[in-house]
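So the chains spell out like this:
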Amino acid sequence: SAVISQKPSRDICQRGTSLTIQCQVDSQVTMMFWYRQQPGQSLTLIATANQGSEATYESGFVIDKFPISRPNLTFSTLTVSNMSPEDSSIYLCSDSQGSGTEAFFGQGTRLTVV
Amino acid sequence: GENVEQHPSTLSVQEGDSAVIKCTYSDSASNYFPWYKQELGKGPQLIIDIRSNVGEKKDQRIAVTLNKTAKHFSLHITETQPEDSAVYFCAASKGGSYIPTFGRGTSLIVHP
């Protein structure tokens, strides 16, 4: 399985600012995803990070708020823009080698917006 | 789309007891069912999975069963230990879709 490194592990940010979260995988992977996990809740898919093209966003998430990059098969970033306290959550990077295969997760970024 | 229901939301057991977490899914085309364990402050970790061509799979103290007719699958943990305390998520996905649908999670507490 690919090892996923995610940083920062946590951050406290002022409202109105932006934070970029980085996800590095130690081998090439087909798919990379970004999830949000609000306190005590399940995992909600934000978007699929597509290598070399625009990310595919799930209903309720937009590119202006959550711009995503994936310049190659091992790296992706998620930016949380113009943050408000409602954006306080855990953000998780995940990877998969494709349909019906295991998905693995990074350790998450715990974001607090004050 | 797929809908995954997970029960119970909280499960409290004594060390050494067994724990069972149950999930149901709605899409009969789903054929891959992973289970994840999430410890406090960490990301979810895959602990076991099952595909639709088998009915049961075991890995030491952990087992998963699948009933495709009834569209439900369960996680069984035997001889529970305090280090089993965590949140457990079930998920379902299908061929052609690499994105699992997750249940809402079960907080398992094992009392020493």
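Residues numbered from 1 in each chain as written. Chains lettered and ligands numbered in written order. Predicted model: local features only at pLDDT ≥ 70, side-chain atom pairs only at ≥ 80, totals over all residues. Heavy atoms only, no water.

Description of the interface of chain B and chain A
On the chain A side, the residues contacting the 21 residues of chain B number 21 residues. Buried area between chain B and chain A, summed over both chains or domains, comes out near 1600 Å², and the portion from carbon and sulfur atoms is 57%. In this assembly, chain B and chain A are joined by 0 salt bridges. Seen at the junction of chain B and chain A, the total is 5 residue pairs in polar contact (both at pLDDT 80 or more). Grouping the constituent residues of the side of chain B that touches chain A by class yields 9 nonpolar, 7 polar and 5 charged. (Contact = heavy atoms within 4.5 Å. Buried area = accessible area lost by both parts, 1.4 Å probe. Salt bridge = Lys/Arg side-chain N within 4 Å of Asp/Glu carboxyl O. Polar contact = N/O pair within 3.5 Å; in protein donor to acceptor, adjacent residues only side chain to side chain. Nonpolar A, V, L, I, M, F, W, Y, C, P; charged D, E, K, R; others polar.)

What about the state of the cysteines?
Residues and elements named next belong to chain B. Summed over all chains, the structure comprises 2 disulfides over all chains. Here Cys23 engages in a disulfide with Cys90; their sulfurs sit 1.9 Å apart. Negative torsions about the S-S bond denote left-handed disulfides, and the value of about -100 degrees found for Cys23 with Cys90 makes this one left-handed. Taken together, the positions of Cys23 in strand β3 (residues 19-25) and Cys90 in strand β9 (residues 86-94) put the pair 67 residues apart, joining distant regions of the chain. (Disulfide = S-S within 2.5 Å. Helix = DSSP H or I, 4+ residues; strand = E, 2+ residues; numbered from the N terminus.)

Observations concerning the sheet that holds strand β7 (residues 68-72) of chain A
Residues and elements named next belong to chain A. Pairing is antiparallel in the open sheet, where 4 strands are placed in the order β1-β3-β8-β7. Edge positions in the open sheet fall to β1 (4-7) and β7, since each of these has one partner strand only. On average, each strand axis in the sheet is inclined to that of its neighbour by 15 degrees, with strand direction left out of account. Pairing between β1 and strand β3 (residues 19-25): 4 bridges, direction antiparallel. Residue Lys7 lies in a different strand from β3, and its bridge partner there is Gln22. (Pairing = 2+ DSSP bridges. Axes fitted to C-alpha atoms, helices over the stretch in contact; angles between N-to-C directions.)

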